[in-house]
Amino acid sequence: MSELNLILVGPPGAGKGTQAERIQQDFGLPYFATGNILRKAVTDGTELGKQAKAYMDDGKLVPDELIVGVLLEALDGAEATDGFLLDGFPRKISQADALAEALEKVGRKLTAVLLIDVPDEEVIRRLSGRRTCAKNGHTYHVDFDPPKHEGVCDQDGSKLIQRDDDKPEVISKRLVTYHDETEPLVEYYEARDLLRRFDGTRTPTEVHDHIRATIATLRLEDAI
Ligand code: AMP
């Protein structure tokens, strides 16, 4: 069976993290989320974290010099030789080009880019009530998906926090960044016949069923 190299794209709050957890379980893929990598660097107080924090708090993308090398190195590791699932990368055309070049060099290619689409009003509604587990990034919503015990992650018992960039003034900036810098990737990957669209306003289970069926079909086509 050939490798499964997948990318998740979509506005903040589209449910990429939720779907990533499920896809990982379905297909046993290593998962790389640049947002999680950067947040960990900030918490750990590394040089990367120190340099990235101001951009993140302002809803902007961190410069390519900070993140592209980190991500490509991770993909080059033994863990990712049979496939990968990327979330939050690439986030702009220059990053997509860097990824394409790195994959081409080693004779690999992308299997599909999964776009989870959600309108801006829904993004705002979701992110303003989102709470995130401090340890592993599991997410909840205060109204639509509350944890069993307020402020505590059901999955690992760690504290739930509101991400600094989920505060209302930053959410609108992140949406502007998404439309200006990330959305052009939709056309980019459509032109390369890699894009698959999913309606992110459906329930997580419906979105997941649709994604899983799409990946299964892609694998089947590949095997023929
Ligand atoms: P996320 O968790 O994917 O929403 O990412 C949180 C923040 O990390 C973003 O708002 C950016 O500031 C930064 N970030 C994550 N991935 C990237 C990337 N590929 N390029 C630049 N900045 C990124």
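Treat the numbers as computed from the prediction; the structure is a model and nothing was measured.

Trainee: I'd like to hear about the sheet that holds strand β6 (residues 139-141), residue by residue, with values.
Mentor: Backbone-to-backbone hydrogen bonds pair the strands of a sheet. The strands run either parallel or antiparallel. Ordered in space as β6-β5-β7, the three strands form an open sheet in which the pairing is antiparallel. Because the sheet does not close on itself, it has two edges, and the strands there are β6 and β7 (160-161). Relative to β6, strand β5 (residues 130-133) is paired through three bridges, and the arrangement is antiparallel. Each residue of the ladder has a partner; that of Arg 130, found in β6, is His 141. Sheet strands touched by helix α6 (residues 120-128): β5 and β6. Its angle to β5, the strand with the most contacts, is close to 50 degrees.

Trainee: An account of the side chain of Thr 177 is needed here, citing residue identities and associated values.
Mentor: Mapped onto the elements, Thr 177 comes out in helix α7 (residues 168-182). Look at Thr 177 and you get buried, because its relative accessible area is 12%. A polar contact of 2.8 Å, which involves the side chain of Thr 177, links it to the backbone oxygen of Gly 59. Ignoring anything within four residues of it in the chain, the contact list for Thr 177 reads Gly 59, Lys 60, Leu 61 and Thr 182.

Trainee: Can you break down the site of the ligand residue by residue, with the values?
Mentor: Around the ligand sit 16 residues, and of these Thr 34, Arg 39, Lys 60, Gly 88 and Gln 95 come closest. Within the contact set of the ligand, a nitrogen atom lies 2.8 Å away from a backbone nitrogen or oxygen of Gly 88. Counting residues per element, the shell around the ligand draws most heavily on helix α2 (residues 34-44), which supplies four residues. Grouping the amino acids of the shell around the ligand by side-chain chemistry returns six nonpolar, four polar and six charged.

Trainee: Which residues make up the packing of aromatic side chains, and what values go with them?
Mentor: Applying the stated rule across the entire model yields one aromatic pair. Measuring from ring centre to ring centre gives 4.9 Å for Tyr 188 and Tyr 189, while their planes differ by 85 degrees; the resulting arrangement is edge-to-face. Looking at Tyr 189, the relative accessible area reads 2%, which means it is buried. One residue, Arg 192, lies across the ring of Tyr 188, its end atom 3.7 Å from the ring centre.

Trainee: Tell me about the pattern of salt bridges, and please be specific about residues and values.
Mentor: On inspection of all chains with the given rule, the structure shows 17 salt bridges. Between Asp 64 and Lys 92 there is a salt bridge whose closest N-O contact spans 3.7 Å. Taken together, the residues Asp 64 in helix α4 (residues 64-76) and Lys 92 in the loop between β3 (83-87) and α5 (93-105) connect sequence positions 28 residues apart. Salt bridges here are not isolated pairs; linked through shared partners, they connect Arg 130, Arg 163, Asp 165, Asp 166 and Arg 174.

Thresholds applied
- Residues numbered from 1 in each chain as written.
- Predicted model: local features only at pLDDT ≥ 70, side-chain atom pairs only at ≥ 80, totals over all residues.
- Heavy atoms only, no water.
- Pairing = 2+ DSSP bridges.
- Helix = DSSP H or I, 4+ residues; strand = E, 2+ residues; numbered from the N terminus.
- Contact = heavy atoms within 4.5 Å.
- Axes fitted to C-alpha atoms, helices over the stretch in contact; angles between N-to-C directions.
- Buried < 20%, exposed > 50% of the residue type's maximum accessible area, 1.4 Å probe, protein only.
- Polar contact = N/O pair within 3.5 Å; in protein donor to acceptor, adjacent residues only side chain to side chain.
- Near = heavy atom within 4 Å.
- Nonpolar A, V, L, I, M, F, W, Y, C, P; charged D, E, K, R; others polar.
- Phe/Tyr/Trp six-rings, centres within 6.5 Å; stacked < 30°, edge-to-face > 60°.
- Lys NZ or Arg CZ within 6 Å of the ring centre and 35° of its normal.
- Salt bridge = Lys/Arg side-chain N within 4 Å of Asp/Glu carboxyl O.

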